[in-house]
Amino acid sequence: MNHSDHPPHDHSSHDHQPPPDEGRQLSDVQYLEIALRELLIEKGVINADEIRAGVEALDAVTPAQGARVVARAWCDDQFRQRLLADGSKACIELGIDIRPTRLVVVENTDNWHNVIVCTLCSCYPRLLLGLPPDWYKSREYRSRVVREPRKVLAEFGTQLPAGVSLRVHDSTADMRYLVLPRRPANSEHLDEEQLAALVTRDSMIGVTLVQTSLVRTQAIPD
Amino acid sequence: MSIAKIGPHDLGGDDAGKVSPLSRDLQWWEKRIDALYRLLADDRRMILQVDELRAAIEALGDDVYARHDYYERWTLALRNLLIAKQVLDEAEIETRISQLKQNR
Amino acid sequence: MTLAPKFKQGDPVQVCARDVAHHRRTPSYVQGRRGYIERFCGAFANPELLAQGRDGLPLINLYRVRFEQAELWTTAEVDAGDDSVDVEIYEHWLRQCDEPF
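Residues numbered from 1 in each chain as written. Chains lettered and ligands numbered in written order. Predicted model: local features only at pLDDT ≥ 70, side-chain atom pairs only at ≥ 80, totals over all residues. Heavy atoms only, no water.

1. Focus: the sheet that holds strand E3 (residues 60-68) of chain C
Move 1: Across the sheet, which stays open at both edges, the seven strands sit in the order E2(A)-E3(A)-E4(C)-E3(C)-E2(C)-E1(C)-E5(C) with mixed pairing between neighbours. Single-partner strands in this sheet number two, and they are strand E2 (112-117) of chain A together with strand E5 (94-96) of chain C. The mean inter-strand angle of the sheet, taken between neighbouring strand axes irrespective of direction, is 35 degrees.
Move 2: Direction of pairing for strand E2 (residues 34-44) of chain C relative to E3(C): antiparallel, over a ladder of seven bridges. Looking at E3(C), one finds that Phe40(C) is bridged to Tyr63(C). (Pairing = 2+ DSSP bridges. Helix = DSSP H or I, 4+ residues; strand = E, 2+ residues; numbered from the N terminus. Axes fitted to C-alpha atoms, helices over the stretch in contact; angles between N-to-C directions.)

Given below as structure tokens:
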């Protein structure tokens, strides 16, 4: 799994710990965040431990969850069928409960490719993929992917083979979506865990394909 | 057929620039505001719910919406919601911000 | 208490074009457009009421509606072919189309 997003403008040297606020110039909105949090703590509405636990819970969910689901579906056709029939129910088999929203799994095939968006806000299958990447929340992606999805995919370096039709899924309400990518060619020798390691976040959103040939040690913009 | 936009968030089909496929790590304050919202909306507190947060984000208006990014909009919307629900009042928020700025 | 779904898979539908002031989850780009029911999703709390701090009851039926690219945009991509967009839409925003397409 490649979790290391390498931001172009991040001057911090550490990959995993976000920088503390101290010593930085804060924006007005950052001051507002501190004020709201402090006041709510002082009034006993929340406490600091709950905030810390909440942040840890966010950090605990990564796209590795979704990758487990995908790899299981590739290795177990019965599971794959249950997953496509009722995504929420099938995920419970793997200990992932996405309620109160419901999971719709959309499968890429020889003829169909699927892409996920939320044009109205940024609804995202957080319990399978963690928090959405910046581009998923961007005006550019939310505006354009419903009208010119092929151009947007090309901006991720993705060209669909001729004859493949494309379906965009706009998460406007209570469903959440996960793309079940195509299992890459020449992956028969890999076991479930090795397959899961190939499955990237972006392939489960549908903007890229899963490949066996990626050089995983390189910093690739995922 | 010309259909009115339903708000500043109604982006589907608009013209926009290229998508940058890069993503940065979230900052602490962004994770904290996400956590804060989830606490306010949890089963124990039920002070607000996600649709109210969305509506409050949309009510920020075109200009504020466009000038702020995702978690900035959350923070501004939560402020307005907490005031509207009389959990906090505007004066105490402003006073606290002034104090914070002076003390740095 | 939920009403039985008004539409079934495959039914042709048109999305209402409705200018209301309150929060709703029906984007403008599908309003007035025609598509067909991809699936019935179940009954859910009404987000237009939840957004006002209410309980969202009665539950309302939700569908996934499939739109062809060419129905949505005058400038669909040249290679769009059978490309489509699926959007979740609540029942009160949908009406039956008179003619199938």
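Now, onward.
2. A look at the interface of chain C and chain A
Move 1: Facing 24 residues of chain C, the contacting portion of chain A comprises 26 residues.
Move 2: If you sort the residues of chain C by the area they bury against chain A, Arg25(C), Glu77(C) and Glu88(C) come out on top, with a joint share of 29%.
Move 3: At the surface where chain C touches chain A, the tally comes to 19 residue pairs in polar contact (both at pLDDT 80 or more).
Move 4: Mapped onto the side of chain C that touches chain A, the elements with two or more residues apiece are E2, E3 and strand E4 (84-90) of chain C.
Move 5: When the residues that make up the side of chain C that touches chain A are grouped by side-chain class, the tally is 10 nonpolar, four polar and 10 charged.
Move 6: The sheet contact formed by strand E3 (residues 165-170) of chain A and E4(C) spans four bridges and is parallel. Within E4(C), the residue paired with Val168(A) across the bridge is Val85(C). (Contact = heavy atoms within 4.5 Å. Buried area = accessible area lost by both parts, 1.4 Å probe. Polar contact = N/O pair within 3.5 Å; in protein donor to acceptor, adjacent residues only side chain to side chain. Nonpolar A, V, L, I, M, F, W, Y, C, P; charged D, E, K, R; others polar.)

3. Points about the environment of Met46(B)
Move 1: The residue Met46(B) is located in the loop between helix H1 (28-40) and helix H2 (50-58) in this model.
Move 2: In contact with Met46(B), other than residues within four places in its own chain, are Leu40(B) and Ala41(B).

4. Some remarks on the interface of chain B and chain A
Move 1: Every contact between the two is made by 57 residues of chain B and, on the other side, 63 residues of chain A.
Move 2: Buried area between chain B and chain A, summed over both chains or domains, comes out near 5800 Å², and the portion from carbon and sulfur atoms is 62%.
Move 3: If you sort the residues of chain B by the area they bury against chain A, Val19(B), Trp28(B) and Arg32(B) come out on top, with a joint share of 12%.
Move 4: Applying the counting rule to chain B against chain A returns 11 salt bridges. (Salt bridge = Lys/Arg side-chain N within 4 Å of Asp/Glu carboxyl O.)

5. Overview of the nonpolar core
Move 1: In this structure, Val69(A), Leu128(A), Tyr141(A), Leu178(A), Ile89(C) and Leu94(C) are the most contacted members of the largest nonpolar core, which totals 76 residues.
Move 2: In terms of residues, this core owes the most to one element, helix H3 (residues 64-75) of chain A, which gives six residues.
Move 3: In terms of nonpolar packing, the next biggest core, distinct from the first, is built from 40 residues, Ile51(A), Ala56(B), Ile57(B) and Leu82(B) among them. (Core = buried A, V, L, I, M, F, W, Y, C linked by side-chain atoms within 4.5 Å. Buried < 20%, exposed > 50% of the residue type's maximum accessible area, 1.4 Å probe, protein only.)

6. Considerations on helix H4 (residues 70-84) of chain B
Residues and elements named next belong to chain B.
Move 1: If you check H4, its first and last C-alpha atoms are 21 Å apart, about what 15 residues at 1.5 Å a residue would give, namely 21 Å.
Move 2: Among all positions in H4, only Tyr70, Tyr71, Glu72, Arg73, Trp74, Thr75, Leu76, Ala77, Leu78, Arg79, Leu81 and Leu82 are buried.
Move 3: Downstream of H4 by one or two residues, Gln86 has phi in the positive range, about 60 degrees. (Expected span 1.5 Å × (residues − 1).)

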